[in-house]
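Results of the structural survey
Residue-level listing of the chains:
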Amino acid sequence: MSIPHIAILDDEPEIRQVLSTALQEAGFHTTTYARATEFEAALKRITPDVCLVDLGLPDRDGLALVHRLALESGATIIIISGRAQVQDRVTGLELGADDYIIKPFDPAEVVARIRARLRKPGTQPEARNTRAQFNGWTAEFDRYVLIDKDAREIPISHAEGEVLRLFLDSPKRLISRNQMLDALGGAAGESFDRAMDVRISRLRTKLNEDPRNPRLIKTIYGAGYIFLGDVTWG
């Protein structure tokens, strides 16, 4: 089994060193970058499993970079930032980040969050497929795109893809918040709940769902969600 590759982007050398040391001791391979320009150049040659991204970069808007990564990269994106306001966290999640960790942090927590994110959602054979069809739509998880009946492609972020795959693996069955937490990883609490709400809302928009009466992703208030589509994998 290959060693997961973690890319660290932070302009503070002490932060890069602390994270790199903790992650290497935990068995991960790491590469570190001080500037967004060198990080983006490296992404043309490497494909990290997880990107740790600081928002306060000297040469690029961190949130804009997160949004681009969410659209173009299949990597898990975790923001590590000193911006602790709720609105900062919400914005980061809305732009496609999978998780948000506030500085100062315990390196052990970062390692735990990464391990949770890399945990695979289930062992059923369907989870290994990369293409699913449902109700006039095709989802291609190797490219993170949705394709409509007119062959138009709509990009989805890695975070949105994780949620959609979970629904497609368990159609017409209730999925509770706790099951989503177990399958997708992360820390329980308001931040996780908000992240799920944002991702499901964005998926509904991309699937042209009526927010007042969605046909595919139904909210069962107080219980969770049900995906009502007819799914074929392969």
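All values reported here derive from a predicted model rather than from experimental measurement.

**Concerning the sheet that holds strand β11 (residues 217-220)**
If you trace the three strands from one edge of the open sheet to the other, you get β10-β12-β11, paired in antiparallel fashion. Two strands lie at the open edges of the sheet, namely β10 (174-175) and β11, each paired on one side alone. For β11 and strand β12 (residues 224-227), the ladder comprises four bridges, and the chain directions are antiparallel. In the sheet register, T219 faces β12, and the bridge partner there is Y225.

**Observations regarding the UniProt feature "domain: Response regulatory" (unreviewed entry) in the protein chain**
With numbering matched to this structure, UniProt assigns "domain: Response regulatory" (unreviewed entry) to residues 5-118. Helix makes up 46% of residues 5-118 and strand makes up 21%, while its end C-alpha atoms are separated by 11 Å.

**Some remarks on the packing of helix α1 (residues 13-25) against helix α5 (residues 107-118)**
Close contact between α1 and α5 brings their axes to 9 Å; oriented N to C, the two are set at 55 degrees. Between α1 and α5, the angle is such that the two are oblique. The chirality of how α1 crosses α5 is right-handed. For the pair α1 and α5, the contacting residues are V18, L19, A22 and L23 in the first and P107, V110, V111 and I114 in the second. For the contact of α1 with α5, the residue count by class is eight nonpolar, no polar and no charged.

**So, the environment of R173**
Within the secondary structure, R173 is located in the loop between α6 (158-169) and β10. Expressed as a C-alpha distance, the spacing of R173 and L228, which sit 55 residues apart in the sequence, is 8.2 Å. Among all residues touching R173, those that are not within four sequence positions of it are Y225 and I226. Within the structure, the side chain of R173 is placed 3.1 Å from the side chain of S170, a separation counted as a polar contact.

**Section: the packing of aromatic side chains**
Under the definition given, this model contains five aromatic pairs. Centre to centre, the rings of F134 and F227 are 5.5 Å apart; their planes meet at 75 degrees, and the pair counts as edge-to-face. Note that F134 is positioned in strand β6 (residues 131-134) and F227 in strand β12, a separation of 93 residues in sequence. The two residues F134 and F227 agree in class, both being buried. Judged by centre distance (6.3 Å) and plane angle (15 degrees), the ring pair of F167 and F227 falls under stacked. In this pair, F167 sits in helix α6 while F227 sits in strand β12, placing the two residues 60 residues apart along the sequence. For F167, a relative accessible area of 0% gives the class buried.

Procedures and definitions
- Residues numbered from 1 in each chain as written.
- Predicted model: local features only at pLDDT ≥ 70, side-chain atom pairs only at ≥ 80, totals over all residues.
- Heavy atoms only, no water.
- Pairing = 2+ DSSP bridges.
- Helix = DSSP H or I, 4+ residues; strand = E, 2+ residues; numbered from the N terminus.
- UniProt positions renumbered as here; feature names shortened; annotations may be inferred.
- Axes fitted to C-alpha atoms, helices over the stretch in contact; angles between N-to-C directions.
- Parallel < 35°, antiparallel > 145°, perpendicular 65-115°, else oblique.
- Left-handed = near helix turned anticlockwise from the far one by under 90°.
- Contact = heavy atoms within 4.5 Å.
- Nonpolar A, V, L, I, M, F, W, Y, C, P; charged D, E, K, R; others polar.
- Polar contact = N/O pair within 3.5 Å; in protein donor to acceptor, adjacent residues only side chain to side chain.
- Phe/Tyr/Trp six-rings, centres within 6.5 Å; stacked < 30°, edge-to-face > 60°.
- Buried < 20%, exposed > 50% of the residue type's maximum accessible area, 1.4 Å probe, protein only.

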